[in-house]
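# Examination of the molecular architecture
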Amino acid sequence: MTSNPPQPEPADAVADRNRAIELVYERLERIAHSRLDRDAMGRVVQTRSLVHETVMRLQQQRGLDYTDEVRVLAAAANIMGRVLIDLARKRQAQKRAPGEVAVTLHTIHLIESGSPTVDAVEFADALGALAAVSPIGAQTIQMRFWAEMSFEQMARALNSTEAEVRDRFNFAKAWLSRRLAGGDAR
Amino acid sequence: MIDDGAARAESLFAAARALPGEQREAFVRREAGGDHDLAEEVLSLLRHDTPTEDLLALQARAAAADLVRADEQGASRSIHAHADEPAPTHIGRYRVIRELGRGGFGRVFLAEQDEPHRQVALKVAHAQASPTDRRRFRAEGVALARLQHPGIARVYDAGVWHECADRPYIVMEYIEGLPLDDYAAAQNLGRRRRMALVAQVCDAVAHAHRRGVIHRDLAPKNILVGEDGIPRILDFGVARLLNAGGAAVTLARDGASLVGTLGYMSPEQLSGDPLLMDTRTDVYALGVIAFELLTGRRFLDVSTLSLTAALEAARTAPTARPSSVDRSLRGDLDAIVLHATERDPERRYPSANALGTDIRRWLHDEPVSARKPSPLYRARKFALRHRAATAAGVILALGLTVAAGYTLDARRSERQSLAASLNALEAIVTRILSPLASKLGSLDERAELLAIIGPDVERIAAGSPDNLMAQRIRARYLSALSDVEDDRGALPAAMAAREESLAVYRRLLATWPNDIETAHECSLAMVRYGNLLASENRADEMRALYEEALALDEDQVRRHPEDLRLLSNLYWSYRRLDELHRSREPERSRALAHHAAAVADRMSAIAPGAWRTMEANIESDRRLSELAIADARYDEAERRGRAALQTAHRLIAMDPMSRHIQSRLALAYSAAIKPLIATGALDDADQLVDEGSVSLRFIMSDEVDPTQRLVIERMLFELRLAVAEEREDHAALLRLLDDAIALAQRLMETLPGELPQREWTAGLLLARMDTLACLDRPVERLTDFARVLEHADATQALFANSPRAIGRADNWREIAVRKLEGRLPDDAFRRAPSTPLTSR
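Residues numbered from 1 in each chain as written. Chains lettered and ligands numbered in written order. Predicted model: local features only at pLDDT ≥ 70, side-chain atom pairs only at ≥ 80, totals over all residues. Heavy atoms only, no water.

## Topic: the overall build of chain A
Broken down by element type, chain A carries 9 helices and 0 strands. Each helix (α) and strand (β) of chain A, taken in turn from the N terminus, gives the series α-α-α-α-α-α-α-α-α. Burial statistics for chain A: of 186 residues in total, 47% are counted as buried. Long-range contacts, defined as pairs at least 24 residues apart, comprise 68% of the intrachain contacts of chain A with a sequence gap of at least 6. Carbon and sulfur atoms provide 50% of the accessible area of chain A, an area that totals close to 9200 Å². (Helix = DSSP H or I, 4+ residues; strand = E, 2+ residues; numbered from the N terminus. Buried < 20%, exposed > 50% of the residue type's maximum accessible area, 1.4 Å probe, protein only. Contact = heavy atoms within 4.5 Å. Areas by Shrake-Rupley, 256 points an atom, 1.4 Å probe, with all protein chains shown as cover.)

If you want it as structure tokens, here you go:
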């Protein structure tokens, strides 16, 4: 699939894609920023480069209808999840490699603030495990967390109803919380 | 794999969740039937149905951030592991001399280039850099290549090192010099010179911001001052690029999301969130640098603290006030530094440009904006909230909000709100009128702003006929309107507004003859109206206005003998009339030049370091040098020319971006070179012409208006031609003439309405005829003859309504014919000396 040589695109398609990418970029950026409650958590989340990487991968995506905002967002959320899982694998591999760990000002800041933390690899694993139990649930999590889509939009992206999507999402959320809280993973 | 159990759990969970809490357990057990595991699973999940969505989302994002960060650290770690590879001997066509340093991205070498021969700093990416890293590295190169400013180390070249894993590299200007703070200490600079340096750094930073680059690590160590005294910023390695939408891409890959130099980092930078950082992060660092240069102390001394304590101190310590170190810094300098280092970026100067402008206001003894009261502050808040991408947008937003605020105020008829409205209006009008306005806002934006406030200005002025401020704002408003109309080419409208503005000023001056502000502006209005009349060929009225301005300035200087602005007005009034009388009444002209020189001397006695004084002195020395040449007093001419040049260099160091000062520098070079030509010191003259070309071209970055560049090029050509003529090197002269004629062509296209440009072209063509005669090339000479005739025809067609232009063109024809007939010796035509008088 991916080894197909790239076909030249018509100009309209390029324009549509650029518009869609801009939209996604803007939206992801805003979300990454606006949803931080720094006073409550005392902790800053830095997702800028994640957004960037996601958008780059999204640009390479073929066969996506870029005129459909909802589908583009859903695809972005999906890619973001994949990017994270890739990173988690890479990190686990690095954990085995020798070499000093660079201590940065940022990590110190993070440690000092003493806020609840979630192990990143664990989170990515949890998301992967959730996908095995409830693929749609995992997708709703990603669409909601990464792309801040409304239930109505999610329903359209999944060809489902709002009520159904809400149920899946609630289930996924409870499942994830339990797993991250160190509860039984079943 | 999705088993049935999971799917059942999902639907049972949803159904149970719809019920009130106390009924859930019974419901689940009932529905699960005998499936005990299923029931327990669903009940366990229901117990975890507590966290808010926000908390989970936040944790998810935090985890994501951790992963991304770990990835970056991994990249930096793998780089350190390979850092000990030996220095290469060559990279591309550059010969490596030694290593200068290394960072997360790659290594920096001092290298040598053959053509042109120079030393360069060459930054090459690590071999292990990932494709993403390489892409970013190249992005940095491209971004930095867009930065062309005398205050920023230049990027010469970028390429790929094919012999070594196709590593990308960037070739940059290699700067030898001292860090900013060491330089100031070594030179024992005074307060003004120090602040002038900071203002120059602000220009460079503003340039980068306009091109979408944030530095993020401004600190004295990253700003080197070379022998020329110009500070240059290096190391944009941690810079961030803003794309068109304002979204930023981080260039830093040092493994830390937090990069910078503790002590110069803004609070938002310390928070580690790149989203909070914008151009105002650099403004903060500039404020810290200003503090340290002024006081000689660290803004934040973290040397004795542990890293974590230092971070805490940087985030929470109260902002230092320069006057806490040195009480004489109270007032403007305190205000400027405090305003630049506000913790809340929303309260800081909105841009490096605004900070630089304010520092210059202080240098020019004008009130600084950091101390202005609330209307502007409110407007700034608004502008910042709307994050206009360009300075123009900020200005517009500023003006519009002030206007909106004012309109609200104006509806209340209390006296107090009249004052508030006046303040607001004044802020707008002053901004539009300021010499920076044309740089900051487009013509249309300025016009729009004027159209918005116009009716209110008129209404308030009509309602308060005895209020000085209300009337003066109207006069200023009309003056701004006149400028805008003039820029649009609507001369009649420009003249009408100017005339009305002047009428208001005259009335005000009759009532308040001791008001310096009014007198100053009235004098300016007379001159500006005179200039407009000149372009209409109403020379007598123009002269009358210039004379009237002189009388006013003399009277005002008697009233306020120490006021620099009034003295400066008087200086230029003398000079203006001197220029007017130059050809017809040389004796009066000479007397006026000496009056002017006396005023310049007085200015030096009162405020030697002020830019108005320096400007008057440059012009004064230049003019006296010219007169000395005419009297064959060459020693004096040379001394004065040198003095003019020296002062001009000091002045340009204060404000290299000012168009005005660039012209002064060009004129000063001309003044220093002409005596050398006159005395036959041609080698010295050549050398100085070269020096002048280099420094002028260097100063004229791409920000400079192209017309200005052409005009200065012309000045340089005139000097080169004069030297070549004196040398009687005809072949060289011919080559120069060809280049000069090409330039003249462009000048005529750019400034189609200017007769002097056409006159220069004619002079060059006639000089070419002479040169060809000396080289014995008669056929080509005939061609030039035809070109002169053509040029004269075209000029007469273009200036059909100007008797003067028609007379001049007839004159060229006649000279050309006589030259061809051999009735004139070949050196009989000399180009008329041209000294553009560009005051105000």
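## Let's talk about the packing of aromatic side chains
Evaluation of the coordinates by the stated rule reveals 6 aromatic pairs over all chains. Their ring planes at 80° and their centres at 6.3 Å tell us that Tyr94(B) and Tyr169(B) sit as a pair that is edge-to-face. Taken together, the residues Tyr94(B) in strand 2 (residues 94-102) and Tyr169(B) in strand 6 (residues 167-173) connect sequence positions 75 residues apart. Exposure class is identical for Tyr94(B) and Tyr169(B). Each is buried. Linked through ring pairs, Tyr284(B), Phe291(B) and Phe299(B) together constitute an aromatic cluster. Cation over ring: Arg144(A) sits above Phe169(A), and NZ or CZ is 5.9 Å from the ring centre. Cation over ring: Arg166(A) sits above Phe151(A), and NZ or CZ is 4.2 Å from the ring centre. (Phe/Tyr/Trp six-rings, centres within 6.5 Å; stacked < 30°, edge-to-face > 60°. Lys NZ or Arg CZ within 6 Å of the ring centre and 35° of its normal.)

## What to know about unusual backbone geometry
Residues and elements named next belong to chain B. Unusually for a residue other than glycine, Ala632 sits at a positive phi of about 60°. Assignment of secondary structure puts Ala632 in the loop between helix 24 (611-630) and helix 25 (634-654). Its identity as a non-glycine residue notwithstanding, Asp776 has a phi of 60°, on the positive side. Secondary-structure assignment places Asp776 in the loop between helix 30 (755-774) and helix 31 (778-798). Judged by its relative accessible area of 62%, Asp776 falls in the exposed class.

## Comments concerning the packing of helix 28 (residues 706-727) of chain B against helix 30 of chain B
All names here are of chain B. Running from N to C, helix 28 and helix 30 point in directions that differ by 25°, and their axes come no closer than 13 Å. Classified by the angle between their axes, helix 28 and helix 30 sit roughly parallel to one another. Two packed elements cross with a definite hand, and for helix 28 against helix 30 that hand is left-handed. In this structure, helix 28 uses Arg714, Phe717, Glu718 and Leu721 to contact helix 30, whose residues at the interface are Pro756, Gln757, Trp760 and Leu764. Tallied by class, residues from the contact of helix 28 with helix 30 come to 5 nonpolar, 1 polar and 2 charged. (Axes fitted to C-alpha atoms, helices over the stretch in contact; angles between N-to-C directions. Parallel < 35°, antiparallel > 145°, perpendicular 65-115°, else oblique. Left-handed = near helix turned anticlockwise from the far one by under 90°. Nonpolar A, V, L, I, M, F, W, Y, C, P; charged D, E, K, R; others polar.)

## Some thoughts on the side chain of Arg498(B)
Residue and element names in this part refer to chain B. Inspection of the secondary structure assignment puts Arg498 in helix 19 (residues 491-511). A residue is classified by how much of its surface remains accessible, and Arg498, at 2% relative accessible area, is buried. Apart from the residues lying within four places of it in its own chain, the contact partners of Arg498 are Ser479, Ser482, Asp483, Ala525, Arg528, Tyr529 and Leu532.

## Here we look at the pattern of salt bridges
Note that side chains of opposite charge can pair when their charged atoms are close. Residue and element names in this part refer to chain B. Per the counting criterion, the structure on display carries 59 salt bridges over all chains. A salt bridge links Arg813 to Asp810; the nearest nitrogen and oxygen atoms lie 2.9 Å apart. You can see Arg813 and its partner Asp810 sitting in helix 32 (residues 803-821), 3 residues apart, about one turn around the helix. On the basis of relative accessibility, which here comes to 37%, the residue Asp810 falls in the partly exposed class. With a shortest N-O distance of 2.3 Å, Glu814 and Arg818 are connected by a salt bridge. Here Glu814 and its partner Arg818 are both found in helix 32, 4 residues apart, which amounts to about one turn of the helix. Connected via shared salt-bridge partners are Arg575, Asp578, Glu579, Arg582, Glu615, Glu619, Arg622, Arg623, Glu626 and Arg664. (Salt bridge = Lys/Arg side-chain N within 4 Å of Asp/Glu carboxyl O.)

## Let's talk about the pairing of strand 5 (residues 155-161) of chain B
All names here are of chain B. Here strand 5 pairs with strand 6 via 6 bridges, running antiparallel. Counted as the bridge partner of Gly159 is Tyr169 from strand 6. The hairpin turn running from strand 5 into strand 6, its antiparallel successor, is 5 residues long, and Ala165 in that turn takes a positive phi close to 55°. (Pairing = 2+ DSSP bridges.)

## Re the confidence of the model for chain B
Residue and element names in this part refer to chain B. Residues of chain B with pLDDT of at least 70 account for 72%, and the chain-wide mean is 77. Note on residues 238-259: pLDDT under 50 across the span, and 80 contacts to partners over four residues away in sequence or across chains. Confidence drops under a pLDDT of 50 for residues 826-840, and excluding neighbours within four residues, the segment shows 44 contacts in the predicted structure. Across the whole predicted complex the pTM is 0.45, and at the interface the ipTM reaches 0.71. (pLDDT = per-residue confidence, 0-100.)

## Concerning helix 30 of chain B
All names here are of chain B. Between its terminal C-alpha atoms helix 30 stretches 29 Å, which fits the 28 Å expected from 20 residues at 1.5 Å a residue. With 16 of 20 residues buried, helix 30 lies mostly within the body of the structure. A positive backbone phi angle near 60° is found at Asp776, which sits one or two residues after helix 30. (Expected span 1.5 Å × (residues − 1).)

## Here we look at the sheet that holds strand 7 (residues 178-179) of chain B
Residues and elements named next belong to chain B. The strand order 7-9-10 describes an open sheet built from 3 strands, whose pairing is antiparallel. The sheet terminates laterally at strand 7 and strand 10 (231-233), the two strands that pair on one side only. Where strand 9 (residues 223-225) lies against strand 10, 3 bridges are found, and the strand directions are antiparallel. Pairing of Leu224 across the sheet is with Arg232, part of strand 10. Packing against the sheet, helix 7 (residues 191-210) makes contact with strand 9 and strand 10, and its axis sits at approximately 35° to strand 10.

## Examining the pairing of strand 4 (residues 118-125) of chain B
Residue and element names in this part refer to chain B. For strand 4, the buried fraction is high: 6 of the 8 residues fall into the buried class. Two strands pair when backbone bridges link them, and strand 3 (residues 106-113) and strand 4 are joined in this way by 8 bridges, in the antiparallel orientation. Residue Leu110 lies in a different strand from strand 4, and its bridge partner there is Ala121. Relative to strand 6, strand 4 is paired through 5 bridges, and the arrangement is antiparallel.

## Regarding helix 9 (residues 162-180) of chain A
For helix 9 of chain A, spanning 19 residues, the distance from its first C-alpha to its last is 27 Å, which sits close to the expected 27 Å at 1.5 Å a residue. The set of residues buried in helix 9 of chain A consists of Val165(A), Phe169(A), Asn170(A), Phe171(A), Ala172(A), Lys173(A), Ala174(A), Trp175(A), Leu176(A), Ser177(A), Arg178(A) and Leu180(A).

## Re the environment of His730(B)
Tracing the backbone shows His730(B) in helix 29 (residues 730-750). With residues near it in sequence (within four places) discarded, His730(B) still touches Thr771(B), Cys774(B) and Leu775(B).

## Side note on the environment of Ala32(B)
All names here are of chain B. Mapped onto the secondary structure, Ala32 falls in helix 2 (residues 21-32). Along the primary structure Ala32 and Arg8 are separated by 24 residues, whereas in three dimensions their C-alpha atoms are 9.0 Å apart. If near-sequence neighbours (up to four positions away) are discounted, Ala32 is found in contact with Arg8, Leu12, Leu38 and Ala39.

## Some remarks on the packing of helix 7 (residues 135-147) of chain A against helix 8 (residues 151-158) of chain A
Residues and elements named next belong to chain A. At a closest axis distance of 11 Å, the pairing of helix 7 and helix 8 adopts a crossing angle of 135°. In this view, helix 7 runs oblique relative to helix 8, as classed from their interaxial angle. In terms of crossing hand, the pair formed by helix 7 and helix 8 is right-handed. Contacts between helix 7 and helix 8 involve Ile136, Gln139, Thr140, Met143 and Arg144 from the first element and Phe151, Met154, Ala157 and Leu158 from the second.

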